[in-house]
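# Breakdown of the fold
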Amino acid sequence: MARVLIVGAGLTGSLCAALLRRETSGPLYLTVWDKAGDAGGRMTTASSPHNSQCTADLGAQYITCTPHYAKKHQSFYDELFAHGILKPLTSPIEGMVMKEGDCNFVAPQGVSSIIKHYLKESGAEVYFRQCVTQINLRNDKWEVSRETGSPEQFDLVVLTMPVPQILQLHGDITNLISECQRQQLETVSYSSRYALGLFYEAGTKIDVPWAGQYITSNPCIRFVSIDNKKRNIESSEIGPSLVIHTTVPFGVTYLEHKIEDVQELIFQQLENILPGLPQPIATKYQKWRYSQVTNAAANCPGQMTLHLKPFLVCGGDGFTQSNFDGCITSALCVLEALKNHI
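Labelled according to an unreviewed UniProt entry, the protein appears under the name Renalase, FAD dependent amine oxidase, originating from Propithecus coquereli.

Quick look at the structure:
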């Protein structure tokens with residue numbers, strides 16, 4: 001039985017796992033490792049510690065589908081609609097730039113429900129808080145080491161974490177990446193930002209006419225969302241949740257600062273945008289060191305194969321573009337590369 005490890009439980013990794021299971025007829029041991037505490041990657045949904053039904057999307061806010069991808073990836077959209085995982089975005093988002101023919105969708109149960117759907121479909125064994133540190137060649141297999149737990153051996157490995165984290169890995173992998181590939185990987189760059197989720201008591205009113213707003217006049221805050229309103233799930237039993245995304249310049253400037261100081265600055269600016277906000281009962285902060293790809297790997301159509309026997313491949317939005325369809329494209333390219341080796 002082939003043993004396959006996918007590193008990264010974001011959209012590309014989870015979809016790779018689901019596609020691999022669908023396309024493989026023989027027995028397959030499939031496992032997914034992620035260094036975070038839950039599935040989602042940059043499509044993560046946080047819950048209030050006081051009420052697990054009070055949630056906030058700290059990463060991707062909604063999915064924009066162009067006419068080109070509506071046709072090309074129709075089966076993926078259809079599947080998510082059929083399961084009620086995606087629905088049209090009908091709530092008002094002020095300042096949203098709409099191009100002709102584009103459609104926007106939200107995930108009523110939080111954007112991480114997309115990832116959880118694919119992981120469930122894959123039947124993979126999923127392990128969280130597994131930070132991969134080394135990849136070595138051992139008897140024609142990959143021996144993968146992590147911060148905690150014993151190393152494990154696999155026949156195939158798929159790396160879907162942000163590209164800088166691939167370059168930080170130790171072991172034989174450092175010598176197996178060719179100079180040309182290394183140069184391509186080193187050109188991949190990302191924006192950085194902070195996200196803040198605020199959770200409120202049931203019955204709290206946040207009286208604004210919009211569900212989300214892009215802000216152009218603030219040095220700190222770029223986007224604010226009444227997250228439950230955005231997803232059309234207002235309820236008298238569940239308190240509202242607010243999501244704040246900072247600007248990229250703010251994120252870059254304060255990337256290495258103490259979170260308490262950063263949070264204080266965000267709250268000060270939030271008071272200017274939404275004066276008199278009630279006190280949240282809980283907050284959740286997220287530093288997105290690797291937020292969106294600003295420069296993808298050149299001449300790599302969706303994936304980069306680092307080694308053939310045993311097979312080692314990288315995928316993710318670092319090889320396409322930072323959106324839902326970019327991750328689907330990469331997952332399909334990884335699957336195509338894997339097919340001859342499984």
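Within the largest apolar cluster, 42 residues are counted, with the highest numbers of intra-cluster contacts made by Leu-11, Leu-30, Met-43, Leu-86, Ile-114, Tyr-118 and Phe-324. In terms of residue count, helix α11 (residues 324–338) provides more of this core than any other element does, 8 residues in total. Residues lining this core come from more than one domain, with at least three contributed by each of domain 1 (2–37 + 128–188 + 297–339) and domain 2 (48–111 + 189–295). In this structure Phe-324 touches Leu-11, Met-43, Ile-63, Tyr-77, Leu-80 and Ile-114, once residues within four positions along its chain are discounted. Formed by 29 residues, the second largest nonpolar core is a distinct cluster that contains Val-132, Val-144, Phe-154 and Leu-306.

Another aspect to go through is the pattern of salt bridges. A full pass over the atoms with the stated rule returns 15 salt bridges. Note that Asp-57 and Arg-231 form a salt bridge whose closest N and O atoms lie 3.7 Å from each other. Placement of Asp-57 in strand β4 (residues 51–57) and of Arg-231 in the loop between α8 (227–230) and β18 (241–246) is noted, with a sequence separation of 174 residues between them. Residue class for Arg-231 comes out buried when judged on its relative accessible area of 3%. Arg-289 is the salt-bridge partner of Glu-256, the closest N and O atoms lying 2.9 Å from each other. Residue Glu-256 is found in the loop between α9 (248–253) and α10 (259–273), and its partner Arg-289 is found in the loop between β19 (282–288) and β20 (293–295); the two are separated by 33 residues along the sequence. Shared partners join several salt bridges into a network, and the residues in it are Asp-57, Asp-227, Lys-230 and Arg-231.

That bond from Lys-309 to Pro-310 is cis: its omega, -5°, falls within 30 degrees of zero. Looking at the element boundaries, Pro-310 is found in the loop between β21 (303–307) and β22 (311–315). One non-glycine residue, Asn-299, lies in the positive phi region at around 55°. Structurally, Asn-299 can be placed in the loop between β20 and β21.

The rules we used
Residues numbered from 1 in each chain as written. Predicted model: local features only at pLDDT ≥ 70, side-chain atom pairs only at ≥ 80, totals over all residues. Heavy atoms only, no water. Core = buried A, V, L, I, M, F, W, Y, C linked by side-chain atoms within 4.5 Å. Buried < 20%, exposed > 50% of the residue type's maximum accessible area, 1.4 Å probe, protein only. Helix = DSSP H or I, 4+ residues; strand = E, 2+ residues; numbered from the N terminus. Domains from an automatic or database assignment. Contact = heavy atoms within 4.5 Å. Salt bridge = Lys/Arg side-chain N within 4 Å of Asp/Glu carboxyl O.

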